[in-house]
There are 2 protein chains.
Amino acid sequence: MASNSTGQSLFARTVDPMHQKKNANVPPKRRGFRRCKSAHLVVLDKNSNNERLPRPKSIVRMLHPNFKWVPVYLAVYLALGTICFSLVDKQIKGKKTNAIIDSLYFCIVTMTTVGYGDLVPGSNLSKLLACAYVFSGMALGGLIVSKGVDYLVEKQEILLVKALHMNQKVGPFDILKEIETNKVMYKIFVVSILLLVLFLVGTIVLIFVEEMSFIDAFYCVCCTVTTLGYGDKSFKSKIGRIFAVFWILTSTVCLAQFFLYIAELNSQKRQRALAEWVLTREMTNLDLEAADIDDDGVVNAAEFVIYKLKEMGKINQEDINLVIKEFEELDVDQSGTLSGSDIILAQSSSTKM
Amino acid sequence: MASNSTGQSLFARTVDPMHQKKNANVPPKRRGFRRCKSAHLVVLDKNSNNERLPRPKSIVRMLHPNFKWVPVYLAVYLALGTICFSLVDKQIKGKKTNAIIDSLYFCIVTMTTVGYGDLVPGSNLSKLLACAYVFSGMALGGLIVSKGVDYLVEKQEILLVKALHMNQKVGPFDILKEIETNKVMYKIFVVSILLLVLFLVGTIVLIFVEEMSFIDAFYCVCCTVTTLGYGDKSFKSKIGRIFAVFWILTSTVCLAQFFLYIAELNSQKRQRALAEWVLTREMTNLDLEAADIDDDGVVNAAEFVIYKLKEMGKINQEDINLVIKEFEELDVDQSGTLSGSDIILAQSSSTKM
């Protein structure tokens, strides 16, 4: 038996004492169902199966989409934009400082859709360039928000949970478990702290570098992170614009990610409530019939799991049909179950073909 | 047997003739697995189970989140904003037309984060008001994009598929099936057409009402739908601003929804490729052991489905554990399977308690 201790610690159920008490009169269970083995972990575990299962590179890319390339895309995109807008520098109207800095600043203000309007394209060519740049920038921005930041935040989570439980003795598996349960909450916490810092830093820089009043600085920060960008208050000095390049990008992305996590939390809450309802509602004979996939008159544990997960909307009939089709092909001896002999038969028939 | 014809037509597998040919030497299947019954449909079907299963209102709300309230939220939000900014009308700087129209236009430009800057708050009070307004507007905008529009687009899909297959005889179930398979593609198609119309209408209105050149009008449309809003070109006339109120809201929401669908399509493609890899990779004895939930030495169809869906990342061990816990409680006679007698025992014990 390929016991997987990582899986066990990661997904071990927390026992609810209230619940146990309620069922105290029920005799101890005869059958033990395994709750610890995760197919995902078996596949991903480096030490166990990698030699047996040569995983094609494309699968690794599927499981871990190309977020590592996001910084490269961003750098290329900004470099191209800066070069283009430097070349049409004379056609851009507004308060200028340095050609390169202004172009980069204009790129950032455009791609994040802040669009202050302190620098605006003044010719047809530069206008069309800006149009193309903002559309591609939005697509890239979506990639950064959904992939790049999420990846970074996930890494911070582990540090955060470690820091929060510094005084208690917790192993790495407990940390992973703790994160698994409250994943989105921790993410929101991490992003909120980052947003608070960015708000503070932005306000302070605007007060001291751009010499704004406190209210104006705060107003400009709000206008920027939300990508509103009226443009009556913006970065006008060289130092301010250099700061703005980094600050605008991080703060707008952070706020977008924050809203994304809030939406995720809401849908998670709704899903959990639905799951609870599905699990607590009374089973009837009609449900039993519907759940009985192999039509043998009884519902086994796995059939019950599928029925309930389907009811929760986590899986659909299409997915199940696909897998069952595959099952029928693998079940060479037509017994309705897969055993070692099926595997051997399947392998020998595939070598024959 | 409560046969569900809706479910059968809806999810009946399309037979791939190529695939059938390849397996021509395989004898016909002994066991037929049911591929037609959907728990979701059983639950949702009005005619079958509703009297037996009194569904609490909260569940209906969980399945159909409160998107029907989105227009009401939007109306209240815009009405409140218009009243507030009308009251501080004197503190708003820029080209004015009519107090009410300008306030509503300012609300729309702010909530969509277009932020032209043709009207800007000129006092501390109005600046703070605008800050509060843009944050709440972003949250509401997210709700509109993720819920409201998706609901509307889904309705259009059915009409679209009907229109595309007008010459062929297709029943409502075929249409639903066709939509199920290419859901996101159809959604992207619907939104793209809508965007194209909005682009055209916006450009034409800007040319004729705001008297812009074609390039300027196109540039202003791009600046607006992306919420960039430099503000060098914007709606300055009364008629233009009345049009802008409706046009800005729909076009910005449409573009955001378009990007959302593109992201959905990408993740769907990745998921399908992963599913294909999971289904076609060779099963080993270790896989069999891992898949065998009830430890009886063989893997039945339902166990195989769970194992593969877990590998595809569609379900996780936590979900399965929750359902198995429920199963063990229902399995009163400890047989490892649920049958009619378990249901009766469970009901009698629950009435005793």
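Quick notes on the rules
Residues numbered from 1 in each chain as written. Chains lettered and ligands numbered in written order. Predicted model: local features only at pLDDT ≥ 70, side-chain atom pairs only at ≥ 80, totals over all residues. Heavy atoms only, no water. UniProt positions renumbered as here; feature names shortened; annotations may be inferred. Helix = DSSP H or I, 4+ residues; strand = E, 2+ residues; numbered from the N terminus. Buried < 20%, exposed > 50% of the residue type's maximum accessible area, 1.4 Å probe, protein only. Contact = heavy atoms within 4.5 Å. Areas by Shrake-Rupley, 256 points an atom, 1.4 Å probe, with all protein chains shown as cover. Axes fitted to C-alpha atoms, helices over the stretch in contact; angles between N-to-C directions. Parallel < 35°, antiparallel > 145°, perpendicular 65-115°, else oblique. Left-handed = near helix turned anticlockwise from the far one by under 90°. Nonpolar A, V, L, I, M, F, W, Y, C, P; charged D, E, K, R; others polar. Salt bridge = Lys/Arg side-chain N within 4 Å of Asp/Glu carboxyl O.

The name an unreviewed UniProt entry assigns to chain A is Potassium channel domain-containing protein, from the organism Acer negundo. Listed in UniProt under the heading Sequence similarities (unreviewed entry), the comment for chain A reads: "Belongs to the two pore domain potassium channel (TC 1.A.1.7) family." Of the comments in the UniProt record for chain A, the one headed Subcellular location (unreviewed entry) reads "Membrane".

Undergrad: For the overall build of chain A, give the residues involved together with the corresponding values.
TA: On a plain count of helices and strands, chain A comes out with 16 helices and four strands. Taken across its 353 residues, chain A has 47% of its residues classed as buried. Once local pairs closer than 6 in sequence are excluded, the contacts in chain A between residues at least 24 apart make up 65%. Summed over its atoms, the accessible surface of chain A is roughly 17,200 Å², and 64% of this surface lies on carbon and sulfur atoms.

Undergrad: Give me the lowdown on the UniProt feature "domain: Potassium channel" (unreviewed entry) in chain A, citing residues and values where you can.
TA: Mapped onto this structure's residue numbering, the UniProt feature "domain: Potassium channel" (unreviewed entry) falls at residues 73-153 and 194-265 of chain A. The span residues 73-153 of chain A carries 72% helix and 7% strand; its end-to-end C-alpha distance comes to 20 Å.

Undergrad: Report on the side chain of B:Asp89, specifying residues and quantitative values.
TA: Mapped onto the elements, B:Asp89 comes out in the loop between helix H5 (70-87) and strand S1 (92-94). Beyond its immediate stretch of four places on either side in the chain, B:Asp89 contacts B:Lys96 and B:Ala99.

Undergrad: Hey, could you go over the packing of helix H9 (residues 183-208) of chain B against helix H10 (residues 214-225) of chain B for me, with residue numbers and the actual values?
TA: Residue and element names in this part refer to chain B. Contact pair H9 / H10: the axes reach a minimum separation of 9 Å and the direction vectors enclose 130 degrees. Considering the angle they form, H9 stands oblique to H10. Two packed elements cross with a definite hand, and for H9 against H10 that hand is right-handed. The residues of H10 that touch H9, namely those facing Phe 199, Gly 202, Thr 203, Leu 206 and Ile 207, are Phe 214, Ala 217, Phe 218, Cys 220, Val 221, Cys 222 and Val 225. A class-by-class count of the residues in the contact of H9 with H10 yields 10 nonpolar, two polar and no charged.

Undergrad: Lay out the pattern of salt bridges in plain terms, naming residues and giving numbers.
TA: Under the definition given, this model contains 18 salt bridges over all chains. Taking the shortest distance from any N to any O, the salt bridge between A:Asp102 and A:Arg241 comes out at 2.8 Å. Residue A:Asp102 is found in helix H7 (residues 99-111), and its partner A:Arg241 is found in helix H12 (residues 238-280); the two are separated by 139 residues along the sequence. Take A:Asp102 and A:Arg241: they sit in the same class, and that class is buried. Taking the shortest distance from any N to any O, the salt bridge between B:Lys233 and B:Asp216 comes out at 3.3 Å. Placement of B:Lys233 in the loop between H10 and helix H11 (238-280) and of B:Asp216 in helix H10 is noted, with a sequence separation of 17 residues between them. On the basis of relative accessibility, which here comes to 11%, the residue B:Asp216 falls in the buried class. Shared partners join several salt bridges into a network, and the residues in it are A:Arg281, A:Asp287, A:Lys308 and A:Glu311.

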